[in-house]
Each structure stands twice: as C-alpha cells, then as structure tokens.
Amino acid sequence: MQEKNRNITQFTDKYEFTNPITRAILDNFFKAVLSLCPKKTNKVLEVGCGAGYSTKILYEHIKPETFHASDIDPELVKLAKERTPQITAEKESIYELPHKDNSFDLVFTLEVLEHLEDPEKALKELKRVTNKYIIVSVPHEPIWRILNMLRGKYLKHFGNTEGHINHWSKRSFTKLVGKHFKVIKVKTPLPWIVILAEKNEETF
C-alpha cells in the first residue's frame, strides 16, 4: 500500500483467489468498516487504496459527491481506477498528501499504518486533510500472528506478515490514534482493529 512498492499479487490474491473462510473474514471486516461510516459524507479520501478492492466497496456504499483514492504504487493506482471508474486516483505519499487542509469529510486508511516507518507522521497528515472524520484499521496483535501460525504461515517470523513493522493491541492502537483525534468507536472484527475518530483541534 503506502511507501514501498511490492509484488502486486500481495494486494490481489486474498480477494481473487481465496477460500470461503477467508472470504467470510473479509466480509466481516468490511461490514465493520461500513457500519462506522458517518451519514451524509460528500467528500471522501482513501489513502493506501491498493488495487482498489476496498475502494469499490467504500464508494458503492457511501456514494459521495467526490471520492479520491491514492497509493504510493502507480500500478496499484491504475488498477484502482480500472476497478471503479467513477473515482479519481493518483500516486501520492501518505506523508505529503497534495491536498489542502480540511479537504475531505472522511479519510480512510485501511491496512496501511502497520507498514509505515513513521505512523505518527502519517496520522498528522491525515488530520490535516480531513475536516471531520477518519476511519483507520490495523491488524489486531498478537491475534494476527497467532492465527498466521495456526495456519502454518510465516513460522520463521513467528507469524508476522511480510512488511508489517508495527504491531498494536486494541489498547495501544486506540491510545496512538487518541493522541491526534477524538476516538469515537472501536471495533475488532477478527483479526483487525477498526477505529472511527473525529478531528479535534486540541489534540496536537
């Protein structure tokens, strides 16, 4: 997603070539994300859109006047545009988004922060461009790694998925987001943490 170009299949296989159990887990994840979406959201930004699977789901649910998606990888941006032609999508860095302050009603960053070397810098940039809300998600640790090991994946790395350099529990991730936003609601669809938070000018 953000800040590192990776094999495109990392962002497509779990959606295109998956078993019924994985599909049910993904459906439950998006059900949780969509349940947190505020009503009457006109301008939406998704940072780290990947190949655009989440983008299509979010766009079709919210149907905003403006939906802009971005990713650091131009190939993924191209796939996102093809998947949902109604949106705009561009190559952008989460650390330096080319948007004015308070440009969007709602900003999504799903499965991105765990990959970043500086997640706090990213949250500050998300705060700058939103005028109201963000919805962010990360793997729920240590549940994520335990489940990986139970299915025989990434055993040499104790269940840690390739590219995940940050690890949060529900408590620690809520605390991190709470340093920059007012946390409104936290959901934990297995095996993720999803937070809806509101911009609060006092949280600097």
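Because the structure is a prediction, the values reported are computed rather than measured.

Enquirer: Please explain the packing of aromatic side chains as it appears in this structure.
Expert: Taken as a whole and assessed by the stated rule, the structure comprises five aromatic pairs. Ring centres 6.1 Å apart and planes at 80° place the aromatic pair Tyr-59 and Phe-67 in the edge-to-face group. Grouping residues by exposure puts Tyr-59 and Phe-67 together as buried. Centre to centre, the rings of Trp-144 and Trp-192 are 5.7 Å apart; their planes meet at 65°, and the pair counts as edge-to-face. Here the residue Trp-144 occupies a position in helix α6 (residues 143-150), and Trp-192 occupies one in strand β7 (residues 192-199), the gap between them amounting to 48 residues. Its relative accessible area of 12% is what places Trp-144 among the buried residues. Judged by its relative accessible area of 4%, Trp-192 is buried. Three or more aromatic residues link up through ring pairs in this structure, and these residues are Phe-29, Phe-30, Trp-144 and Trp-192.

Enquirer: Looking at this structure, I do not really get the sheet that holds strand β1 (residues 43-47). What am I missing?
Expert: Pairing between the strands of a sheet comes from backbone hydrogen bonds, and it takes one of two forms, parallel or antiparallel. Taking strand neighbours across the sheet as the criterion, the seven strands line up as β3-β2-β1-β4-β5-β7-β6 in an open arrangement whose pairing is mixed. A strand with exactly one partner marks an edge of an open sheet, and here the two such strands are β3 (88-91) and β6 (181-187). Sheet twist, expressed as the average angle between the axes of neighbouring strands with direction ignored, equals 20°. In terms of strand pairing, β6 meets β7 through six bridges, oriented antiparallel. If you follow Lys-182 over to β7, its bridge partner there is Glu-198. In the packing of helix α3 (residues 53-62) onto the sheet, the strands contacted are β1, β2 (66-71) and β4 (104-110), and the crossing angle to β4 comes to about 150°. Strands β1, β4, β5 (130-139), β6 and β7 of the sheet are contacted by helix α5 (residues 119-129), whose axis makes an angle of about 150° with β5.

Enquirer: Just to check I follow, could you spell out the nonpolar core for this structure?
Expert: Soluble globular proteins tend to bury their nonpolar side chains together. Counting 26 residues, the largest nonpolar core has Phe-29, Val-33, Leu-58, Phe-67, Phe-108, Leu-110 and Ile-135 as the members making the most contacts within it. Among the elements of the structure, α2 (20-35), α3, β2, α4 (74-83), β4 and β7 are those that each provide at least two residues to this core. In terms of residues, this core owes the most to one element, α2, which gives five residues. Apart from residues no more than four positions distant in its own chain, Phe-67 is found in contact with Val-44, Glu-46, Thr-55, Leu-58, Tyr-59, Ile-87 and Thr-88.

Enquirer: It is not clear to me how a nonpolar patch on the surface should be interpreted in this structure. Could you clarify?
Expert: Judged by side-chain polarity, Ile-146, Leu-147, Leu-150 and Leu-190 come together as a nonpolar surface patch covering roughly 380 Å² of accessible area. Structurally, Leu-190 is set in the loop between β6 and β7.

Enquirer: So what exactly am I meant to see when it comes to the environment of Ser-54 here?
Expert: Of note, Ser-54 is situated in helix α3. Classification of Ser-54 as buried rests on a relative accessible area of 8%. C-alpha separation for the pair Ser-54 and Phe-30, spaced 24 residues apart in sequence, amounts to 8.1 Å. Once residues lying within four places of it in the same chain are set aside, the contact partners of Ser-54 are Phe-30, Glu-46, Cys-49 and Leu-110.

Thresholds, definitions, all that
- Residues numbered from 1 in each chain as written.
- Predicted model: local features only at pLDDT ≥ 70, side-chain atom pairs only at ≥ 80, totals over all residues.
- Heavy atoms only, no water.
- Phe/Tyr/Trp six-rings, centres within 6.5 Å; stacked < 30°, edge-to-face > 60°.
- Buried < 20%, exposed > 50% of the residue type's maximum accessible area, 1.4 Å probe, protein only.
- Helix = DSSP H or I, 4+ residues; strand = E, 2+ residues; numbered from the N terminus.
- Pairing = 2+ DSSP bridges.
- Axes fitted to C-alpha atoms, helices over the stretch in contact; angles between N-to-C directions.
- Contact = heavy atoms within 4.5 Å.
- Core = buried A, V, L, I, M, F, W, Y, C linked by side-chain atoms within 4.5 Å.
- Patch = residues over 30% accessible without salt bridge, like charges linked within 9 Å, V, L, I, M, F, W, Y side chains within 5 Å.
- Areas by Shrake-Rupley, 256 points an atom, 1.4 Å probe, with all protein chains shown as cover.
- Salt bridge = Lys/Arg side-chain N within 4 Å of Asp/Glu carboxyl O.

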